[in-house]
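So you can see what is in the structure, the chains are spelled out below.
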There are 2 protein chains.
Amino acid sequence: MEQQQDPGQARARVLIVDDDPTVAEIVSGYLDRAGYDVDHAGDGPDALARAAAHRPDLVVLDLMLPGMDGLEVCRRIRGRGPVPVIMLTARGDEDDRILGLEVGADDYVTKPFSPRELVLRVESVLRRARPAPPSAAVLRAAGLAVDPVARRAHKNGTELALTIREFDLLAFFLRHPGRAFTREELMHQVWGWDFGDLSTVTVHVRRLRGKIEDDPARPRLIQTVWGVGYRFDTADTHGTGTPDATPPDARTADARASDAGEG
Amino acid sequence: MEQQQDPGQARARVLIVDDDPTVAEIVSGYLDRAGYDVDHAGDGPDALARAAAHRPDLVVLDLMLPGMDGLEVCRRIRGRGPVPVIMLTARGDEDDRILGLEVGADDYVTKPFSPRELVLRVESVLRRARPAPPSAAVLRAAGLAVDPVARRAHKNGTELALTIREFDLLAFFLRHPGRAFTREELMHQVWGWDFGDLSTVTVHVRRLRGKIEDDPARPRLIQTVWGVGYRFDTADTHGTGTPDATPPDARTADARASDAGEG
DNA sequence: GCGCCGACGTCCGCGTTCCGTAAGGAGCCG
DNA sequence: CGGCTCCTTACGGAACGCGGACGTCGGCGC
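Heads up: these notes are all about the structure in this document. Only a predicted model underlies this, so the values are computations on that prediction, with no experimental measurement involved. Residue numbers here run from 1 along each chain, matching the order of that chain's written sequence. For this description, chains carry letters from A and ligands carry numbers from 1, given in the order in which they are written. It should be noted that, the model being predicted, local features are given only for residues of pLDDT at least 70 and side-chain atom pairs only at 80 or more, the latter also being counted only at that level, while totals for whole chains, interfaces and linings use all residues. Side-chain metrics in this entry use all non-hydrogen atoms of the structure; hydrogen atoms and water are not considered.

### Considerations on the overall build of chain A
Then comes step 1: A run of H or I in DSSP becomes a helix once it reaches four residues, and a run of E becomes a strand once it reaches two; helices and strands are each numbered from the N terminus. Of the regular secondary structure elements, chain A holds 9 helices and 12 strands.
Then comes step 2: When the 263 residues of chain A are sorted by exposure, 45% land in the buried category.
Then comes step 3: Note on areas: Shrake-Rupley, 1.4 Å probe, and residue coverage restricted to the protein chains presented here. Of the roughly 13,200 Å² of accessible surface on chain A, 52% is carried by carbon and sulfur atoms. Relative accessible area decides the class of each residue, using a 1.4 Å probe on protein chains only: under 20% of the type maximum gives buried, over 50% gives exposed, and in between gives partly exposed.

### Considerations on the sheet that holds strand β8 (residues 152–155) of chain A
All names here are of chain A.
Then comes step 1: Should DSSP find at least two bridges between two strands, the strands are taken to pair. A sheet is described by the order of its strands in space; here 4 strands give the open sequence β6-β7-β8-β9, paired in antiparallel fashion. Only two strands of the sheet have a single partner each, and these edge strands are β6 (139–141) and β9 (158–159).
Then comes step 2: Sheet topology places strand β7 (residues 144–147) next to β8; 4 bridges connect them, and they run antiparallel. Bridge pairing in β8 places Asp-147 opposite Arg-152.

### What about the sheet that holds strand β10 (residues 180–182) of chain A?
Either a parallel or an antiparallel arrangement is found when strands of a sheet pair, and the pairing is made through backbone hydrogen bonds.
Residues and elements named next belong to chain A.
Then comes step 1: Strand order across the open sheet formed by 3 strands is β10-β12-β11, with antiparallel pairing between neighbours. The open sheet terminates on both sides in strands that have one partner only, identified here as β10 and β11 (222–225). Neighbouring strand axes in the sheet, compared pairwise and without regard to direction, differ in orientation by 30° on average.
Then comes step 2: Note: β10 against strand β12 (residues 229–232), 3 bridges, orientation antiparallel. From the neighbouring strand, Phe-181 faces β12, where its bridge partner is Tyr-230.
Then comes step 3: Contacts from helix α7 (residues 183–191) reach β10 and β12, with the element oriented near 85° to β10. Axes here mean lines fitted to C-alpha atoms, for a helix over just the part in contact, with angles spanning 0 to 180 degrees between N-to-C directions. Any two residues having at least one pair of non-hydrogen atoms within 4.5 Å are treated as being in contact.

### As for unusual backbone geometry
Glycine aside, a negative phi is what most residues show, and trans is what most peptide bonds show.
Residues and elements named next belong to chain A.
Then comes step 1: The residue Arg-151 is not glycine, and still its phi comes out positive at about 55°.
Then comes step 2: Here Arg-151 shows up in the loop between β7 and β8.
Then comes step 3: Phi is positive for Asn-156, close to 55°, though the residue is something other than glycine.

### Some remarks on the packing of helix α6 (residues 164–175) of chain A against helix α8 (residues 199–212) of chain A
To describe two helices that pack against each other, one gives the angle between their axes and the distance between the axes.
Residue and element names in this part refer to chain A.
Then comes step 1: Remark: α6 packs on α8, axes separated minimally by 10 Å, with the N-to-C direction vectors making an angle of 80°. Taken together, α6 and α8 sit at an angle that is classed as roughly perpendicular. For the pair α6 and α8, contact is made by Arg-165, Glu-166, Leu-169 and Leu-170 and by His-204, Val-205, Arg-207, Leu-208, Lys-211 and Ile-212, respectively.
Then comes step 2: Under the convention adopted here, Pro, Cys and the residues Ala, Val, Leu, Ile, Met, Phe, Trp and Tyr are nonpolar, Asp, Glu, Lys and Arg are charged, and Gly plus all remaining residues are polar. Partitioning the contact of α6 with α8 into residue classes produces 5 nonpolar, 1 polar and 4 charged. Each angle receives one of four descriptions, namely roughly parallel if under 35 degrees, roughly antiparallel if over 145, roughly perpendicular if within 65 to 115, and oblique otherwise.

### Here's the deal with the protein's contact with DNA strand C
Then comes step 1: Residues are counted as near a molecule or strand when any one of their heavy atoms sits within 4 Å of it. Taken together, 22 residues sit near DNA strand C, with Arg-165 and Arg-207 of chain A together with Thr-163, Arg-165 and His-204 of chain B positioned nearest.
Then comes step 2: The sugar-phosphate share of atoms of DNA strand C within 4 Å of the protein amounts to 74%.
Then comes step 3: Distance and chemistry together define a polar contact, namely a pair of N or O atoms within 3.5 Å, with one atom able to donate a hydrogen and the other to accept it when in protein, and with adjacent residues in sequence counting only for side-chain atoms on both sides. A distance of 2.9 Å separates a phosphate oxygen of DNA strand C from a polar side-chain atom of Thr-163 of chain A.
Then comes step 4: The contact in question runs from a base oxygen of DNA strand C to an N or O atom on the side chain of Arg-207 of chain B, over 2.9 Å.
Then comes step 5: Looking at the surface near DNA strand C, the elements that each hand over two or more residues are α6 and α8 of chain A together with α6 (164–175) and α8 (199–212) of chain B.

### Regarding the pairing of β12 of chain A
Residues and elements named next belong to chain A.
Then comes step 1: Note that β11 and β12 share 4 bridges and pair antiparallel. From the neighbouring strand, Val-225 faces β12, where its bridge partner is Gly-229.
Then comes step 2: Once β11 ends, the chain turns through 3 residues before running back antiparallel as β12, passing Gly-227 with a positive phi of about 80°.

### Comments concerning α7 of chain A
Then comes step 1: When we look at burial in α7 of chain A, the residues that qualify are Leu-186, Met-187, Gln-189, Val-190 and Trp-191 of chain A.
Then comes step 2: Of the residues one or two after α7 of chain A, Gly-192 of chain A is the one with positive phi, at around 85°.

### Some thoughts on the pattern of salt bridges
Opposite charge on two side chains permits them to pair, given that their charged atoms come into close proximity.
Then comes step 1: Basic side-chain nitrogens of Lys or Arg form a salt bridge, by our definition, when they fall within 4 Å of a carboxyl oxygen of Asp or Glu. According to the stated counting rule, one finds 29 salt bridges over all chains in the structure shown.
Then comes step 2: Ionic pairing is found between Lys-155 of chain A and Asp-214 of chain A, a salt bridge with its closest N-O pair at 2.7 Å. Here Lys-155 of chain A is found in strand β8, whereas its partner Asp-214 of chain A is found in the loop between α8 and β11, with 59 residues between them in sequence.
Then comes step 3: Note on Lys-155 of chain A: relative accessible area 16%, which makes it buried.
Then comes step 4: On the accessibility criterion, Asp-214 of chain A (58% relative accessible area) is exposed.
Then comes step 5: When the shortest N-O distance is used, the salt bridge between Asp-214 of chain A and Arg-220 of chain A registers 3.9 Å.
Then comes step 6: When salt bridges that share partners are traced, they join Arg-152 and Glu-159 of chain A together with Arg-231 and Asp-233 of chain B into one network.

### Regarding the protein's contact with DNA strand D
Then comes step 1: Around DNA strand D sit 20 residues, and of these Arg-209, Thr-224 and Tyr-230 of chain A together with Arg-206 and Thr-224 of chain B come closest.
Then comes step 2: A breakdown of the atoms of DNA strand D within 4 Å of the protein gives sugar and phosphate a share of 72%.
Then comes step 3: Within the side chain of Arg-206 of chain A, an N or O atom sits 2.8 Å from a phosphate oxygen of DNA strand D.
Then comes step 4: Arg-206 of chain B places a side-chain nitrogen or oxygen 2.6 Å from a base nitrogen of DNA strand D.
Then comes step 5: Elements with a minimum of two residues in the surface near DNA strand D: α8 and β11 of chain A together with α8 of chain B.
Then comes step 6: With 5 residues, the single largest contributor to the surface near DNA strand D is α8 of chain A.
Then comes step 7: The class makeup of the residues in the surface near DNA strand D is 7 nonpolar, 5 polar and 8 charged.

### Brief notes about the packing of α7 of chain A against α8 of chain A
Residue and element names in this part refer to chain A.
Then comes step 1: Relative orientation of the contacting elements α7 and α8 amounts to 75°, with a least axis distance of 9 Å. Looking at the two axes, α7 sits roughly perpendicular to α8. Residue-level inspection shows Arg-183, Leu-186, Met-187 and Trp-191 of α7 in contact with α8, the latter providing Thr-200, Val-201, Thr-202 and His-204.
Then comes step 2: Among the residues forming the contact of α7 with α8, the class breakdown is 4 nonpolar, 3 polar and 1 charged.

### Some points on the packing of aromatic side chains
We describe a pair of aromatic rings using the distance from one ring centre to the other and the angle between the two ring planes.
Then comes step 1: Working definition: a ring pair exists when centres of Phe, Tyr or Trp rings (six-membered ring for Trp) sit within 6.5 Å. Plane angles under 30 degrees give stacked, over 60 give edge-to-face, the rest tilted. This model, assessed by the stated rule, comprises 6 aromatic pairs over all chains.
Then comes step 2: Their ring planes at 15° and their centres at 6.1 Å tell us that Phe-173 of chain A and Phe-232 of chain A sit as a pair that is stacked. In this pair, Phe-173 of chain A sits in helix α6 while Phe-232 of chain A sits in strand β12, placing the two residues 59 residues apart along the sequence.
Then comes step 3: For Phe-173 of chain A, a relative accessible area of 0% puts it in the buried group.
Then comes step 4: Judged by centre distance (6.5 Å) and plane angle (55°), the rings of Phe-172 of chain B and Phe-173 of chain B are tilted.
Then comes step 5: Among the aromatic side chains, those forming a connected cluster through ring pairs are Phe-172, Phe-173, Phe-181 and Phe-232 of chain A.
Then comes step 6: Any Lys NZ or Arg CZ that is within 6 Å of a ring centre and within 35 degrees of that ring's normal is treated as a charge sitting over the ring. In this structure, Arg-33 of chain A is placed above the aromatic ring of Tyr-30 of chain A, and the distance from its NZ or CZ to the ring centre is 4.9 Å.

Okay, here's the thing in structure tokens:
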């Protein structure tokens, strides 16, 4: 069964381009019942006009069109913007598939096809084309954005060139803002070591400061807690003398495994 | 999907639904000689029962049935699973054809038909139904277009001559843009190995770079993540806005089979 | 059968990057 | 002022990535 779309969400517009009225009608019925806003064009020029007027979210395009070549239509439609295209080709016509691939089709369905399958393809392509919604995996604070999955860090939109240790250290700080850590703790959490020269931590904090602080000589983000260690301060966790200011982040102990990457 | 008749494999099961015994017998004979395991039902309820019991790989369904409508039978059978259906319709009855397609038939044969033709259709539908598990779309990014089904890759319209490993590697990268992978992960996901010389990955990345990068010495698409591995970057996954284009979908064990192709 | 060729995995040398440590100087506190 | 802590810089070595090249295996044509 096809699933309905979210009520409240605008229905996705689908443009069907086919010169056979019966095929178009069947497909329209299926897509309509599946919750799409369907438009139909019978030939190439009509397709281009409707595509320009209605700005569909997806185009189902028959390759065999009277007048204008389906490939040409595809090319022109995609020339205006990144609209996903599903192409209907004759059964087993390998050449058409290849051409469709080159011209910019995102998927193809061979005729005769089951309307059910077409609906599935439409859903699949649209799902794939949807821009990724706010990825929750990105850590943000004080103009910094750290993506542990991509292993990228940005400061005010420009990318930072961080080494592994610097990246892991910054990611750890971002996960635990406003809290002071001793060098031993950092060495344990970020390095995974329970012993070693603690000046290693000092040096890496210094290097990280040099890359993320506006004035490394007078650091704002990574504060030195005299006699203790370091604390990452964001702009919003400022001024509150909170002794136990656990951020909304519910992350507790043993964050090492996820914070410091590999063991 | 089910298996086709390979030597050693079980024969494909075909269920014939027709109220005319002579027709059913003739068709059964042909299909049996063609190597299929044939079952027969004379009316709608019988068809549903046998379909449930024997789980056929394909159903040949006469539209004109006593008792229950053929369309209703088709609808119910397909409601249980994605079974291919070939429909037998009266000659020139356009409405039946349309209805058949609407209900989800994969092909149709008009009566009177030659049993030989029906066998060909059966083979065709089974062949088509098997190796086309739904998601067989085209991957696109940064001027690249990769068709996993056709095993073709294009860059800016010109075809790339990729080896098997290079193709699988590129397809995997295109499926997970903007995400960093270690060599171990790539070896596992693309090669399917859990051990082995990781320099193999390095070498293949280099060879792939030589074919898809404008300046392989200064790669833009496949970025090296120092100390970690590699990351495929598209033009649009650049900057703070959308650092992660990969939806947090189910990334399970079966991802390998679909990612690396079926070899 | 024989030789050619492409694909693949492995190995080695080189240049680069990064890391941990050491040492000297400055800052903070009693 | 003395002791301790922290900052800064420098350096050697290890780790890493890259490019080039080699040996093997299988397919294909002769």
